[in-house]
There are 2 protein chains.
Amino acid sequence: MSAEAAFIDILRGFATAPAARGLADDAAVLELGDRVLVLTKDMLAEGVHYLPDDPPDHVASKLLAVNLSDLAAKGARPLAALLGYTLGDEAWDRAFAEGLRADLAAHSVSLIGGDTIASNGPRILSLTLIGEARGPGVPSRAGARPGDDLWLSGTIGDAGAGLAILRGSLTGSDDLVSRYRIPRPRLQAGRALATLVSAMMDVSDGLLIDAGRMARASLIGIEIDLDTLPLSDAYIAAVGDDRAARLRAATAGDDYELLFTAHEAGRGNIAEIGERLALPLTRIGRCIDGTGLTLTDAGGPVPLPDSLGWQHGDA
Amino acid sequence: MSAEAAFIDILRGFATAPAARGLADDAAVLELGDRVLVLTKDMLAEGVHYLPDDPPDHVASKLLAVNLSDLAAKGARPLAALLGYTLGDEAWDRAFAEGLRADLAAHSVSLIGGDTIASNGPRILSLTLIGEARGPGVPSRAGARPGDDLWLSGTIGDAGAGLAILRGSLTGSDDLVSRYRIPRPRLQAGRALATLVSAMMDVSDGLLIDAGRMARASLIGIEIDLDTLPLSDAYIAAVGDDRAARLRAATAGDDYELLFTAHEAGRGNIAEIGERLALPLTRIGRCIDGTGLTLTDAGGPVPLPDSLGWQHGDA
């Protein structure tokens, strides 16, 4: 067990309120009378989650996106944010603040507080988002049942390819770089889907690693048909669409798409939501009895790759 | 203007929702229908806010206390916490978690989420607390009016003296060390006082610096009579009670007492609350027309010391 997993396990021992959801969901869900608050707090560390020479406004976008995406997965509307910020270079600080301002405005989220501190080490940025969901029944990762369809919003792999382009290890379209630089958390889709799904979470560390987490939380197995994975034209042009390209897309991070399960009776309603929002919603597999992930494509069973995505702690 | 003040000024330019209170209060106050949420997020950095060899359970106590004290100052009842944590030494992590567990339980606060990350630098710890206040009219720093009494809960200077004892620059009673090691945010008093005060804030950086902030927020002047400052017997035994000792107490940090103002018609009710809670509530001065701080003692006007307390950013 990693040091991180061990520490979260200790916290789990006393984070026993229902709102904590066992520290195993995208966000906390706190009922307050007839209001349902959804709270999430994700951090970014310089040199770990972003590179020191990444543009500061992109770091602000990413900090907001990782948190918004958690709210999207719970069908919540974001209300307000609190920022935790370690000061550094003043020009960087200003550019970060300007980026944060623009992104918060784009999502109608108010900055309402936080803390700024001096620090000698790498920057550690933290954002707390508070949102509101329509209760009861805020989707969790744990509600998937054998027989349910497995769905994915949008396309995957684009942001990972965009990052590879920025790092010089891939050539491809600017659209891919934009997918990395300007994350688009699926807030509208999350709200529209919330009452139709049996389980929902966001895909931020890689489809396979996140699908595995959903399978574990729901005590089921998940079967994914690689041939059905939604890839963008730009991704296919840059990387291809063979098995290796599909596995690469399924293990890349920063997608901020929604992974959800639903009974097959919901297919018509889900398709309508996708059309209304002009957002592809694709069935990529199914929930089965058992445990863990199973991959297939036209060639038959596909062995799981060594790395399923990006490993880190997130509660 | 410090880099910190400049950065907060930029944030203030777009943190314009009423809930943000201009980033100039102890906490954000978010109204949601007929519920009033109070949110605060304070951070501690290793080497800045605590020493690397401080006991981890004390660091947990302090992290919780700085945030609880913000809620106390708004008369809010704490509900739940989200932790932002940079992993380090595993034994330290375990001891921190155990301390946090005990302290959260003592205050009936649930840990409901957060994030843990790896980092190469000094630890940066962050806690978001969400509480609930009885609305409307959650006390701010900005409501004090000329003529109001200025009050302080408990005694001041004890924690600062306790820290000096730990650092070997002072000898004195273990009670002082306990005041530093085990902060006691005034949650009950804050709730009891909330409807009686015209302004309220917590004293965490030093009485003088915090009183100056209240004066600025309320657009008034504040006059403090040093002779009335409540000092503990242990403090007087260790440091004395002359002018220098009183100025030292008034500029020490980590008190976590409440500073509040009220119309003189409230004196009887306030005294009753102090008796009921067995907590000294002392009139230490008054609000006047004008700006800034004025100090006096039996000897007449007292010049302001160069340092009024501990300077750092906190919104």
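Computed from a predicted model, the values in this text were never measured in an experiment. (Residues numbered from 1 in each chain as written. Chains lettered and ligands numbered in written order. Predicted model: local features only at pLDDT ≥ 70, side-chain atom pairs only at ≥ 80, totals over all residues. Heavy atoms only, no water.)

### Considering unusual backbone geometry
Rules: Counting from the N terminus, the helices are the DSSP runs of H or I reaching at least four residues and the strands are the DSSP runs of E reaching at least two. The rule is simple: take the accessible area with a 1.4 Å probe, protein chains only, and divide by the maximum for that residue type; under 20% is buried, over 50% is exposed, in between is partly exposed.
A positive phi angle is found at Tyr256(A), which is not glycine, with a value near 55°. Here Tyr256(A) shows up in the loop between α9 (243–250) and β9 (257–262). Of note in the backbone geometry, Asp254(B) takes a positive phi value of approximately 65° without being a glycine. With respect to the helices, strands and loops of the structure, Asp254(B) is situated in the loop between α9 (243–250) and β9 (257–262). Its relative accessible area of 14% is what places Asp254(B) among the buried residues.

### Comments concerning the environment of Ala80(B)
All names here are of chain B. Quick note on the threshold: Two residues form a contact once any of their heavy atoms are found within 4.5 Å.
Relative to the helices and strands, Ala 80 is located in strand β3 (residues 77–86). Through-space distance from the C-alpha of Ala 80 to that of Ser 110 is 4.6 Å; in sequence the pair is 30 residues apart. For Ala 80, the residues in contact, after removing those within four places along its chain, are Val 109, Ser 110, Ile 112, Thr 128, Leu 129 and Ile 130.

### What about the domain arrangement of chain A?
Residue and element names in this part refer to chain A. The criterion, for reference: Segmentation of the chain into domains, including their bounds, is taken from an automatic or database domain assignment. Joining two parts hides part of their accessible area as seen by a 1.4 Å probe, and the buried area is that hidden amount summed over both. What makes a salt bridge here is a side-chain nitrogen of Lys or Arg within 4 Å of a carboxyl oxygen of Asp or Glu, nothing more.
We note that the domain assignment places domain 1 (3–133) and domain 2 (149–302) within chain A. At the interface, 21 residues of domain 1 touch 16 residues of domain 2. Among the residues of domain 1 in contact with domain 2, His 58, Ser 69 and Ala 72 are the three that bury the most area, contributing 29% of the side total. Counting every contact that joins domain 1 to domain 2 gives one salt bridge. For Asp 254, the salt bridge is made with Lys 62, and the minimal N-O distance between the two is 3.3 Å. The element best represented in the side of domain 1 that touches domain 2 is helix α2 (residues 56–73), accounting for eleven residues.

### Topic: the sheet that holds strand β5 (residues 124–133) of chain B
Our working rule: Between any two strands, pairing holds if DSSP finds at least two bridges. Note on method: axes are straight lines fitted to C-alpha atoms, helices fitted across the in-contact stretch only, with angles between N-to-C directions ranging 0 to 180 degrees.
Reading across from one edge, β1-β2-β5-β3-β4 (chain B) is the order of the five strands in this open sheet, with mixed pairing throughout. Of all the strands in the sheet, just β1 (28–32) and β4 (110–117) of chain B have a single pairing partner and so form its edges. Across this sheet, the average inter-strand angle for adjacent strands is 20°, counted without regard to direction. Looking at chain direction, β3(B) and β5(B) are connected through seven bridges and run antiparallel. Bridge pairing in β5(B) places Ala80(B) opposite Ile130(B). Contacting β3 and β4 of chain B, helix α1 (residues 3–12) of chain A runs over the sheet at an angle of about 170° to β4(B). Sheet contacts for helix α3 (residues 90–106) of chain B: β3, β4 and β5 of chain B; angle to β3(B), the most-contacted strand, approximately 175°.

### Quick look at the pairing of strand β5 (residues 124–133) of chain A
Residue and element names in this part refer to chain A. Taken across its ten residues, β5 has ten buried, putting it largely inside the fold. Alternating positions in β5 separate into two faces, Ile 124, Ser 126, Thr 128, Ile 130 and Glu 132 on one and Leu 125, Leu 127, Leu 129, Gly 131 and Ala 133 on the other, with burial throughout. Pairing geometry for strand β2 (residues 35–45) and β5, over ten bridges, is antiparallel. By the bridge assignment, Val 36 is partnered in β5 with Ala 133.

### Remarks on the relation of the copies chain A and chain B
Quick reminder of the rule: For the least-squares superposition of copies, only C-alpha atoms count, and only for residues with pLDDT at least 70 in both.
Superposing chain A onto chain B takes a rotation of 180° plus a shift of 0.0 Å along the axis, which leaves an RMSD of 0.0 Å. Such a combination of turn and shift is consistent with a two-fold rotation axis. Closest approach to the rotation axis within chain A is made by the C-alpha atom of Gly121(A), at a distance of 2.3 Å. Taken as a fraction of all interface residues of chain A, those also at the interface in chain B reach 100%, which identifies the copy contact as same-surface.

### Quick word on the packing of aromatic side chains
Operational definition: Between rings of Phe, Tyr and Trp, where Trp is taken as its six-membered ring, a pair exists when centres lie within 6.5 Å; planes separated by under 30 degrees are stacked, by over 60 edge-to-face, and by other angles tilted.
Going through the model one piece at a time under the given rule, you end up with ten aromatic pairs over all chains. Each ring, one from Phe7(A) and one from Tyr85(B), has its centre 4.2 Å from the other, and the planes form 15°; the classification is stacked. Linking Phe7(A) in helix α1 with Tyr85(B) in strand β3, this pair reaches from one chain into another.

### Here's the deal with the interface of chain A and chain B
As a measure of interface size, the accessible area lost when the parts come together is often cited. Applied cut-off: We define a polar contact as two N or O atoms separated by no more than 3.5 Å, with the added condition that, inside protein, one atom must be a possible hydrogen donor and the other a possible acceptor, whereas residues neighbouring each other in sequence contribute only through side-chain atom pairs.
In this complex, chain A contributes 62 residues to the contact, which on the side of chain B involves 62 residues. Summing both partners gives a buried area of about 5100 Å² for chain A against chain B, and 75% of it is carried by carbon and sulfur. Remark: the boundary between chain A and chain B carries zero salt bridges. Seen at the junction of chain A and chain B, the total is eleven residue pairs in polar contact (both at pLDDT 80 or more). For the side of chain A that touches chain B, the secondary structure elements donating two or more residues are α1, β1 (28–32), β2, β3 (77–86), α3 (90–106), β4 (110–117) and β5 of chain A.

### Considerations on the pattern of salt bridges
All chains considered together, the criterion is met by 38 salt bridges over all chains. Its salt-bridge partner being Asp148(A), residue Arg145(A) comes within 3.9 Å of it at the nearest N-O pair. The exposure class assigned to Asp148(A) is buried, which follows from its relative accessible area of 2%. With a shortest N-O distance of 3.1 Å, Lys74(B) and Asp26(B) are connected by a salt bridge. Of the two residues, Lys74(B) is situated in the loop between α2 (56–73) and β3 and Asp26(B) in the loop between α1 (3–12) and β1; the sequence distance between them amounts to 48 residues. Taken together, the shared-partner salt bridges connect Arg21(A), Asp25(A), Asp26(A), Lys74(A) and Arg141(A) into one network.

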